[in-house]
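Here are the chains, one letter per residue:
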Amino acid sequence: MTVVPTRIRHRITDLLPGRADLAELRRDPRRDLLAGLTVAIVALPLALGFGVSSGLGAEAGLATAVVAGALAAVFGGSNLQVSGPTGAMTVVLVPIVAAHGPTGVLAVGLMAGVMLVALALLKAGKYMQYVPAPVVEGFTLGIACVIGLQQIPNALGVPEPEGDRVLVVAWRAVAEFARTPNWTAAALALAVAAAMLAGARLRPTIPFSILAVIAATVVARVAGLDAAEPIGDLPSGLPAPSLSFLDPGALGSLLAPAVAVAALAALESLLSASVADGMTVGQRHDPDRELFGQGLANMAAPLFGGVPATGAIARTAVNVRGGAGSRLAALTHAVILAVIVFAAAPLVSAIPLAALAGVLLATAVRMVEVGSLRAMARATRSDALILVLTAVATLALDLVYAVIIGLAVAGVLALRAVANQARLEEVPLDRGDHSAEEHRLLAEHIVAYRIDGPLFFAAAHRFLLELAEVADVRVVILRMSRVTTVDATGALVLKDAVEKLHRRGIVVMTSGIRADQRQVLDSVGALELLRLEGREYADTPEAIRAAHAYLQRVGLIPSPHGRRARPLGGESERAAG
């Protein structure tokens with residue numbers, strides 16, 4: 001009774017921070033503190049913007065950046081990961097807000113956190129590496145498009161239209177702007193976005209996002225631009241933890257959205273951690289610890305009014321470029337944002353929504369890596385197809401469906417590619433110690449085929465069709481030493497092929513069946529069929545000798561004593577059958 005709890009306790013202990021993590025904090029604290037300050041400056045407008053885009057308000061974005069950012073920094077599996085609200089998660093949250101309201105989003109975040117912790121305990125982190133690159137690039141492109149479209153109402157200074165489809169909402173916002181244009185909001189959004197994009201190209205080390213937002217806020221206040229609607233009042237501090245938003249009766253309907261949020265949080269966080277590893281030398285994240293840290297972060301953030309969080313690729317990249325070497329940098333970023341929440345809430349409240357929309361528009365543009373997209377599109381037609389389908393599905397449906405569609409298409413195309421590797425090729429008979437005349441007679445009556453690659457469901461029926469077209473010979477030798485794998489379908493098709501050839505009076509012999517493939521062949525009766533006929537052999541020369549002896553018995557080649565056996569008929573014909 002105590003074995004399972006003990007195992008779970010040991011597993012949790014493995015996922016908790018250890019002495020090595022504490023030692024990393026002391027290595028270069030000054031550099032980490034400066035990196036954390038830089039990330040906080042970049043993260044502030046993003047946290048506010050993503051909070052507004054999610055439908056729960058700027059304060060929800062800040063609470064998430066503080067609470068989730070701190071917990072993920074301490075308990076996560078990467079020394080360099082920075083977590084908080086992200087555009088990808090916002091894309092998933094918008095329809096949840098429309099269907100279930102703010103309390104539904106908070107409950108979904110808590111449930112998703114529990115799922116992430118369970119995945120960490122089950123050591124599921126390693127499986128995220130099997131997501132194909134075209135799927136990742138495709139949904140990144142789709143997310144960038146969705147984030148950009150989500151900002152159109154605030155960028156144009158019009159009320160948020162009704163609807164949960166981003167294309168419909170964006171179109172209605174443009175139509176409303178055409179009726180009553182708000183040039184002030186549009187100018188602020190475009191100016192902030194242009195400043196960020198130009199600044200990132202000219203001076204990438206300078207945080208133009210916060211500078212542009214400050215400038216837009218000052219201009220709006222000094223010039224008295226009433227059309228530039230501000231964020232609104234922010235609480236001067238985080239709310240007290242509360243579970244009042246939980247409605248046990250509604251948890252069943254929120255299960256599917258929670259699974260979607262957990263899947264996205266796992267995928268994006270591990271992708272971000274992998275990007276951080278690739279930008280450094282000697283840093284390697286622990287995927288299960290990362291899931292554990294993200295799970296704790298998502299369980300805690302809703303208690304303080306936050307939204308579900310993930311590892312943020314853009315902020316993590318800023319952290320790495322800022323010289324971060326330990327978790328202290330990400331933790332510092334969360335602490336600085338907390339100080340802003342407590343000390344500067346009135347100033348933050350004055351930021352125009354259009355300025356935040358400009359920040360997110362520039363972020364969406366910078367998410368699109370044109371070089372990577374071009375490389376994927378040029379790689380193979382399959383990669384290009386997967387990328388386009390995933391991006392379109394993200395835009396037209398939602399991110400979770402897009403990933404499922406991308407994975408399904410990638411799987412089908414991968415199976416087709418593997419199936420195409422299977423070959424059934426006729427190979428010449430080894431002359432061995434036979435005379436030229438005898439070898440000619442053997443070649444007239446024996447054909448040898450070599451099966452290369454996998455014999456499984458995706459390739460098996462093509463194999464059967466090819467084998468059914470065998471010419472009118474008396475013996476077929478199947479050389480199976482190069483078969484890489486056999487599944488039940490492949491074994492059944494092989495059995496069916498042997499029986500069809502047998503009914504045509506053609507004897508089938510096999511050679512080189514590997515030990516690890518015998519079980520599946522035996523389970524469907526294919527191996528038993530060959531054993532009954534005594535025609536399964538260890539290697540090809542042995543099979544050829546057996547075929548030679550068989551042809552002598554039925555009188556198709558001379559016997560060892562220089563006389564032919566009686567041509568087909570009687571017992572010889574029955575033996576051939």
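The sections below set out a description of the structure shown in this document. As the structure is a computational prediction, the values presented were derived from the model and not from experiment.

1. Notes on the nonpolar core
Residues Leu48, Val261 and Leu337 are the most contacted members of the largest nonpolar core, which totals 84 residues. Val476, Leu478, Leu494 and Ala497 belong to the second-largest nonpolar core, a separate cluster that totals 31 residues.

2. Observations regarding the layout of surface pockets
Roughly 1,500 Å³ of internal volume is contained in the largest pocket. Top element by residues in the lining of the largest pocket is helix α6 (residues 133-150). It accounts for 7 residues. Looking at side-chain class alone, the lining of the largest pocket contains 30 nonpolar, 10 polar and 8 charged residues.

3. Some remarks on a nonpolar patch on the surface
A contiguous nonpolar patch, built from Leu385, Leu389, Leu397, Tyr401, Ile404 and Ile405 and spanning about 520 Å² of accessible area, is present on the exposed surface. Of all elements in the fold, only α18 (381-396) and α19 (399-420) reach the threshold of two or more residues within the nonpolar patch. When residues of the nonpolar patch are assigned to their parent elements, the largest contribution, 3 residues, is made by α19. Of the residues examined, Leu389 reaches a relative accessible area of 34% and is grouped as partly exposed.

4. Things to note about the environment of Gly76
For Gly76, the position within the fold is in the loop between α4 (58-75) and β1 (83-84). Of the residues examined, Gly76 reaches a relative accessible area of 0% and is grouped as buried. Taking the C-alpha atoms as reference, Gly76 lies 4.2 Å from Glu290; in sequence the two are 214 residues apart. Filtering out sequence-adjacent residues up to four positions away, Gly76 remains in contact with Leu71, Arg289, Glu290, Gly293 and Arg327.

5. Some words on unusual backbone geometry
Residues other than glycine seldom take positive phi values, yet Lys123 does so here, at roughly 60°. Here Lys123 is to be found in the loop between α5 (87-121) and α6.

6. Considerations on the packing of aromatic side chains
Inspection of the entire model under this criterion finds 1 aromatic pair. Taken together, a centroid distance of 5.1 Å and an interplanar angle of 80° make the contact between Phe177 and Trp183 edge-to-face. What makes Trp183 exposed here is its relative accessible area of 60%.

7. Focus on helix α22 (residues 488-503)
Taking 1.5 Å of rise per residue, the 16 residues of α22 would be expected to cover 22 Å, and the 23 Å separating its terminal C-alpha atoms lies within 8% of that figure. For α22, every residue scored as buried is listed here: Gly490, Ala491, Val493, Leu494, Ala497, Val498 and Leu501. Summarising the axial view, the buried residues of α22 lie within an arc of 160°, below the 170-degree limit, and thus occupy one face. A distance of 3.3 Å separates the backbone nitrogen of Thr489 from a side-chain oxygen at the start of α22, and that oxygen is part of Asp487. Note on α22: the residue one or two positions beyond its end, Gly505, has a positive phi of about 85°.

8. A closer look at the pairing of strand β5 (residues 475-479)
If a strand is regular, its side chains alternate between the two faces of the sheet. β5 sits mainly inside the fold: 4 of its 5 residues count as buried. Sheet topology places strand β4 (residues 446-455) next to β5; 5 bridges connect them, and they run parallel. What sits directly across from Val447, in β5, is Val476. Relative to strand β7 (residues 507-511), β5 runs parallel, the two sharing 5 bridges. Directly across from Leu478, in β7, lies its bridge partner Thr510.

9. Overview of empty space enclosed by the protein
Applying the stated criterion across every chain, the model contains 2 cavities of 30 Å³ or more. Volume-wise, the largest cavity comes out at about 60 Å³. In terms of lining residues, the largest cavity is bounded by Ala422, Arg423, Leu424, Ile451, Leu455, Ala459, Arg462, Phe463 and Glu466. Taken together, the elements giving at least two residues each to the lining of the largest cavity come down to β3 (423-427), β4 and α21 (457-468). Here the lining of the largest cavity takes 4 residues from α21, the largest share from any one element. A class-by-class count of the residues in the lining of the largest cavity yields 6 nonpolar, no polar and 3 charged. Taken as a whole, the second largest cavity spans an internal volume of roughly 30 Å³. In terms of lining, the second largest cavity is formed by Gly49, Val52, Ser53, Gln151, Asn154, Leu353, Leu356, Ala357 and Leu360. Of all the secondary structure elements, the ones that give two or more residues to the lining of the second largest cavity are α3 (29-54) and α16 (353-367). If you tally residues by element for the lining of the second largest cavity, the top one is α16, at 4 residues.

10. Remarks on the packing of α4 against helix α12 (residues 287-300)
It is at 8 Å that the axes of α4 and α12 come closest, and there the two elements cross at 155°. The angle between α4 and α12 falls in the class roughly antiparallel. Crossing hand, α4 versus α12: right-handed. Note on element contacts: α12 touches α4 through Arg289, Phe292, Gly293, Gln294, Leu296, Ala297 and Ala300, opposite Val67, Ala68, Leu71, Ala72, Val74 and Phe75. By residue class, the composition of the contact of α4 with α12 is 10 nonpolar, 2 polar and 1 charged.

Rules used in this analysis
- Residues numbered from 1 in each chain as written.
- Predicted model: local features only at pLDDT ≥ 70, side-chain atom pairs only at ≥ 80, totals over all residues.
- Heavy atoms only, no water.
- Core = buried A, V, L, I, M, F, W, Y, C linked by side-chain atoms within 4.5 Å.
- Buried < 20%, exposed > 50% of the residue type's maximum accessible area, 1.4 Å probe, protein only.
- 1 Å grid on protein atoms, 1.4 Å probe; cavity = no way out; pocket = protein on both sides within 12 Å on 5 of 7 lines; lining within 4 Å.
- Points joined across faces, edges and corners; volume = space filled by probe spheres on them.
- Helix = DSSP H or I, 4+ residues; strand = E, 2+ residues; numbered from the N terminus.
- Nonpolar A, V, L, I, M, F, W, Y, C, P; charged D, E, K, R; others polar.
- Patch = residues over 30% accessible without salt bridge, like charges linked within 9 Å, V, L, I, M, F, W, Y side chains within 5 Å.
- Areas by Shrake-Rupley, 256 points an atom, 1.4 Å probe, with all protein chains shown as cover.
- Salt bridge = Lys/Arg side-chain N within 4 Å of Asp/Glu carboxyl O.
- Contact = heavy atoms within 4.5 Å.
- Phe/Tyr/Trp six-rings, centres within 6.5 Å; stacked < 30°, edge-to-face > 60°.
- Expected span 1.5 Å × (residues − 1).
- Arc of directions from axis to C-beta.
- Polar contact = N/O pair within 3.5 Å; in protein donor to acceptor, adjacent residues only side chain to side chain.
- Pairing = 2+ DSSP bridges.
- Axes fitted to C-alpha atoms, helices over the stretch in contact; angles between N-to-C directions.
- Parallel < 35°, antiparallel > 145°, perpendicular 65-115°, else oblique.
- Left-handed = near helix turned anticlockwise from the far one by under 90°.

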